[in-house]
Each structure stands twice: as C-alpha cells, then as structure tokens.
Protein chains: 2
Amino acid sequence: MLDYRPNKSDIENAYERISPYVHNTPIHSSTLLNTRFSTNIFFKCENFQKAGSFKSRGAVNAILSLPKKYSTIGVATHSSGNFAQALARAASILNIPSYIVMPENAPKVKIDAVRDYGGEITFCKPTLSAREETIKKVISSTGAFEIHPYDNYDIIAGQGTATLELCQSIQNLDIILCPVGGGGLISGTALAASFFGNNIKVIACEPKGADDAYRSMKAGKIIPSIDPNTIADGLLTSLGTRNFPIIQKYVDDIVTVGEDTIVEAMRLIYERMKIVIEPSSAVPLAALIEDRVDVRNKNVGIIISGGNVDLSKISF
Amino acid sequence: MLDYRPNKSDIENAYERISPYVHNTPIHSSTLLNTRFSTNIFFKCENFQKAGSFKSRGAVNAILSLPKKYSTIGVATHSSGNFAQALARAASILNIPSYIVMPENAPKVKIDAVRDYGGEITFCKPTLSAREETIKKVISSTGAFEIHPYDNYDIIAGQGTATLELCQSIQNLDIILCPVGGGGLISGTALAASFFGNNIKVIACEPKGADDAYRSMKAGKIIPSIDPNTIADGLLTSLGTRNFPIIQKYVDDIVTVGEDTIVEAMRLIYERMKIVIEPSSAVPLAALIEDRVDVRNKNVGIIISGGNVDLSKISF
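We now examine the overall build of chain A. The helix and strand tally for chain A stands at 13 helices and ten strands. Taken over C-alpha atoms, the radius of gyration comes to 18 Å for chain A, in line with the 20 Å a tight globule of 316 residues would show. For the C-alpha atoms alone, the extent of chain A along its principal axes is close to 55 × 40 × 40 Å. Among the 316 residues that make up chain A, the fraction classed as buried is 59%. Long-range pairs, those at least 24 residues apart, make up 74% of the contacts in chain A with a sequence separation of at least 6. Side-chain charges of chain A comprise 32 positive and 32 negative groups, with the mean position of each set lying 2 Å from the other.

As structure tokens, this is what we get:
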C-alpha cells in the first residue's frame, strides 16, 4: 500500500471537485520582506480559506470522494483543531452527519465552530490513546466512515491543490517552503510541485520543539514526537504512515527553527503584511530569518497554512 | 474658497495620476458577518495599501500635483501617524525632500518608518499649538510647501479614489460606511460616491469619545474636539475647514459608537476576516453591532482605512 501515492490526475480531479466549495486563495507579497531577504516571496494565503485553513481542501475532497453508502451514515474524525472545523463544514455542505472527537481542553472557539457547522462532538481526555479509543467507540456505535486528518490519500491530494493554484499563478517558482506537522500539507505540496512546477525545490519547515519529521528523515523511519512543545500548535502531531514515504521521495530538505524566531516571524507578518496567521504559518518565514535556506534572487512560494488563532493567547 | 470642492474629473485625474504608485486594494467579504447582519458587506482593504493606509492615495496625489519649483525645495507636514509615513514615502518616490513634524511621544515604529522613507523629522511637544509653531519654523527655514494631512483639496481628491475603485468593482452599492477623523477620507468618499455610484447613501462613523464631527453636523459649524479620548487613534483630530462643507452637503448621516464595541468589532475582523486593522477601521463595523444603521438586505461598502497598529498595545 505504501508505494501508492496520489498522481497528477488525482490532484487535478481533486481541484475540479472542490473548486465550487473552497476559495482559490489570494497570493500576497511584501516589498519590505523581499528587500530584507533579497528575494521574491509569494505567500499563498490559506488563512483566507473557508473555515480558516488549508484543511478545507482535503476535507471537501474526502467528503466528495466518500463511498455512497456513508452519505447518510456519516463521517468521523479526531482533531482538536482546524481539521475538526473543516470536516464538519465539508460534511454540512452535503448534509452528511459528522462525528468529531475532540479533547476536553480544546479551545471554546473551536468547539463552537464545529457545533456551528453541525458537527456532533464527543469529548475525550487530551491524550492520543484516549482519542483513539474514543473514535473507535464512536465508529462502532454510528458506523461512520473515519477520515484521518492527514494519513489519507484523498486528504493529501486535496491539500496539494493549494500548490496547483500557486503554480498556475506564479509560473517560475524556484522554491516552496511549507510547515510540516502530520505531513498532510507538505506531502500534497511536494507532489503538486513535482507535477505542476518546473524543478521546484520543496523545503519542509518545522519547529525545533516538535522536530519529529526532521528526526524521521535522518533516521529513515518514522520517529514519533514525545512531548512536543511549540507555540505552533498545528504542528504538534507526528508524521503519518502514508505521508512519510512521499516526504522521503519528494521533499528536498527539512529545516528546524526556534520558538523566538517563530514569534518574530509572526509579528513581521502581522505588522508588515497586515494578515492574521496562526503560529504554524510563521515557521517558513522563521527559516528565512534564521538563514536556513538560501533564497537570494529566487522566486519563493510560502504556504500560509491558516489563520485560526486564539488572539487572547498571543502577545507581541 | 469654501464653495470649491473637487469635481468628478479631479478624482478621475487623481486616480490616473496615482495608480502607478499605489495599490488597487482588494475587496474582502465574510459569509459569517453577512449572515450575522443579514446583509452583504464589501470591505475595501486599505490596510493593504502602500505604507499601510489610504493616506498614501492623497499623499501621492498631492506630491504629483506639487508646483514645480518645490520639487527641489521639498514638502512639509505635521502628523503623528499614517500621513507622516505616507507623505515621506510619496516624496521619496520622486526624490523630493520631506520635512515631517512629529510629536516627541510618537511610537518608535512610526518614527522609524518615516526615517526609512527618507523623511527629515523635527520633534515637538505633543500639543496642537507646539505642532503649529514648529511647522511654521520648519517652513520658514526650509521654504518647503506645506501639505496638510486632510484640509487640502488634492488630499481629498486622492482619498476619494478608494471609493472610485470600490464603485468600479461593486456596481450596486446601497450604502458606504467610513470612519471620520479630520474628514479627509469621508469627504473624498462622499464626493466619489456621488460621482461614481448610483444613489449611494454615505454614513460617517465616529467614536463617542471623539465626536466632534457629530456635534459639528448638529450645530451647523465646526466644533473642535477638546481632549478627545478613544482607542481609535486615527480619529482624534477635528474636522478641517475644507472638509466640513463637503461633509455637510454629501454625507447622509453621522453615527457614533462606544469604545467596547470598537474593540469587539476589531476582534471580529481579526478573528473572522484574518486581516490586521487599526482600531479606527473597526468603527464602521461597530456601528452595525450597535444597530445604528439599517443594512438589512443591502449592499454595503466599508472602507477599512488602515492596518498600522502597535500590536504590543492591543489585547483582546
């Protein structure tokens, strides 16, 4: 199974399928940042995506690819964050029931958003084992189809559509920088860059405090995070089994960055680009600040993954 | 003199003149906000404008309309905020010296921005009389041409180009909401709405803590603010003599809003629209929250005036 991966048509078909339900997000740039880094950066703004992040792309693709019998039975997932909202919204579009397992300490704003989209929430203790146990129970009682937030080929193909759009708009990209958490976004990005770009180098960017992807790449096998700790709360998860082989084959490099630099990058983006992003989205710019990637005189794409942030917890 | 006002051609010519040097800013919308207010809002995002606010429009227009002999002598203004940056930038484009009088307590980030654009700063005590005295001295020693931040017809025509663009993109607007401080933006907006729209109602929105425009309209004469106090620091100034007659004739209504609602509106825009705005820009949405304007089932334009905010002073 793990030799399989979405091909060019899978991503093109995902794009056709999801386009009526998601935004072709704008691409922003900043003269000041380009001058500072002697480069030409194109920010693909998935913070303006439906439900506030790129996760809507994969979620809509998975829902529209669902085996027919589940359209009345429903879908299930476990997520504390953006995927919970994205899946509940995607399911609601087609009137499909959604069952979302969330940790009991999830932020109220995210719980409210899932409920607003009609998702039925089951709470669990905030541990991976409690999550997995709870989702099993939910599936056995509802018969719902489980859609994993990233370890799923429909999700990976859907996430790749952001880069398909980026390559359509900017035809001579040299590099794409993208944050890595569970690996859904980076694996879709790397595949799409190889299909729709012209020799684009893809670089995954990861917080030092949650560097399982970095360590996994070095070791040649998945090494899960133990007690990851970073402000970039979207990147706490460990790599998925379907994502890792794609990353090994299609991602050119992984770089890690410190927490202070992530906050500095986030502030730069708020102050200079006037957009609200979540901390995870600042990780690629942090890699430029720490000079981890040579971007001089290059055309650089950066995927701004999302804008769902608890503002009361951010202080600059 | 005060019967004069910019006409349709003045604003069209300003638009032609400044277009190479400023952005035609994007128009954003939010399904959630439209649902909440049973309306259809188009946010004209001047926070993405050059130098971070609509002030670049007027500043560039004034610089490009400058009597020729001043192109080597230079221009002067007094401003603690967005106009200082906008004028310094506009002058730098044409290599014209700029002399900026700023209060000594101006935020460092704004002082740095003016210097980065090559503006020569003279500091003064933070009072209106100190400002006026200092600018007189600067002008007498440099011979520079004074460009007032809002009480100036080239500035008013320039600010009107945001609404020209808005009317070009959205052809059936019923209402435009716009913050009012010194009156440069609202007077340009109201003129442009009358020239380029189809019977658009223009409503000025003002903080209760700085309601000189509201009181001036009621009194039929300019009543300056005394000790205005609001988080919307761009709206502390009192109406200009050239702005007031235009507002009297072309603005349909003025509404005022409370401080808590301004903060609530600002948070809504950050959280739901994922854009960084300055507090002044939240005042029109605050008017909707306080139900001061009937916008149900209407097409509503809101001018987001700028995004220059000291993030360390914002807490949600």
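In this section: the environment of Asn13 of chain A. Relative to the assigned elements, Asn13 of chain A resides in helix α1 (residues 8–18). Residues Asn13 of chain A and Glu259 of chain A, 246 residues apart in the sequence, show an inter-C-alpha distance of 38 Å.

Of the transformation superimposing chain B on chain A, the axial component is 0.0 Å and the angular component is 180°, with the fit at an RMSD of 0.0 Å. Taken together, the rotation and translation relating the two chain copies correspond to the operation of a two-fold axis. When each C-alpha of chain B is compared by its distance to the rotation axis, Ile275 of chain B comes out closest, at 2.2 Å. The share of interface residues of chain B whose copies in chain A are also at the interface is 100%, consistent with both copies meeting through the same surface.

All names here are of chain A. Looking at chain A, the domain boundaries give domain 1 (8–53 + 156–313) and domain 2 (56–146). Once you take the C-alpha centre of each, domain 1 and domain 2 turn out to be 24 Å apart. Taken together, the contacts link 21 residues of domain 1 with 15 residues of domain 2. When domain 1 packs against domain 2, the two sides together hide about 1500 Å² of surface, and 51% of this comes from carbon and sulfur. In terms of surface lost to domain 2, no three residues of domain 1 exceed Arg17, Tyr21 and Ala51, which account for 37% of the buried area on that side.

Residue and element names in this part refer to chain A. Spatially, the four strands line up as an open sheet ordered β5-β4-β3-β6, and their pairing is parallel. Each edge of the open sheet is held by one strand with a lone partner, namely β5 (120–124) and β6 (145–146). Here five bridges tie strand β4 (residues 98–103) to β5, and the two strands are oriented parallel to one another. Paired with Pro103 across the bridge in β5 is Cys124. Packed onto the sheet, helix α7 (residues 128–142) meets β3 (75–78), β4, β5 and β6 and runs at close to 160° relative to β4.

Residue and element names in this part refer to chain A. Two numbers describe how α1 lies on helix α3 (residues 55–64): the axes approach to 9 Å, and their chain directions differ by 90°. Judged by the angle between their axes, α1 and α3 are roughly perpendicular. Touching Ala14, Arg17 and Ile18 of α1 are Arg57, Val60, Asn61 and Leu64, all from α3. Across the contact of α1 with α3, the residue classes break down as four nonpolar, one polar and two charged.

This brings us to the interface of chain B and chain A. Listed by partner, the interface residues are 19 residues for chain B and 19 residues for chain A. Broken down residue by residue, the surface that chain B buries against chain A is led by Lys274, Val276 and Leu311 of chain B, which jointly contribute 38%. On inspection of chain B and its partner chain A, the count reaches zero salt bridges. Ranked by residues supplied to the side of chain B that touches chain A, first place goes to helix α13 (residues 259–273) of chain B with four residues. Here the side of chain B that touches chain A is built from residues that sort into seven nonpolar, seven polar and five charged.

Scanning the entire structure with this criterion turns up 24 salt bridges over all chains. Arg242 of chain A is the salt-bridge partner of Asp151 of chain A, the closest N and O atoms lying 3.1 Å from each other. In this pair, Asp151 of chain A sits in the loop between β6 and α8 (153–169) while Arg242 of chain A sits in the loop between α10 (212–219) and α11 (243–250), placing the two residues 91 residues apart along the sequence. By relative accessible area, Asp151 of chain A is classed as buried at 14%. Its salt-bridge partner being Glu46 of chain B, residue Arg57 of chain B comes within 2.7 Å of it at the nearest N-O pair. With a gap of eleven residues between them, Arg57 of chain B in helix α3 (residues 55–64) and Glu46 of chain B in the loop between β2 (40–45) and α3 connect regions that are remote in the sequence. Within the structure, one salt-bridge network assembled from shared partners comprises Lys44, Glu46, Arg57 and Glu165 of chain A.

So, how was this worked out
Residues numbered from 1 in each chain as written. Chains lettered and ligands numbered in written order. Predicted model: local features only at pLDDT ≥ 70, side-chain atom pairs only at ≥ 80, totals over all residues. Heavy atoms only, no water. Helix = DSSP H or I, 4+ residues; strand = E, 2+ residues; numbered from the N terminus. Rg over C-alpha atoms; globule rule 2.2 N^0.38 Å. Buried < 20%, exposed > 50% of the residue type's maximum accessible area, 1.4 Å probe, protein only. Contact = heavy atoms within 4.5 Å. Lys, Arg positive; Asp, Glu negative; His and termini not counted. Charge placed at Lys NZ, Arg CZ, Asp CG, Glu CD. Least-squares fit on C-alpha atoms with pLDDT ≥ 70 in both. Domains from an automatic or database assignment. Buried area = accessible area lost by both parts, 1.4 Å probe. Pairing = 2+ DSSP bridges. Axes fitted to C-alpha atoms, helices over the stretch in contact; angles between N-to-C directions. Parallel < 35°, antiparallel > 145°, perpendicular 65-115°, else oblique. Nonpolar A, V, L, I, M, F, W, Y, C, P; charged D, E, K, R; others polar. Salt bridge = Lys/Arg side-chain N within 4 Å of Asp/Glu carboxyl O.

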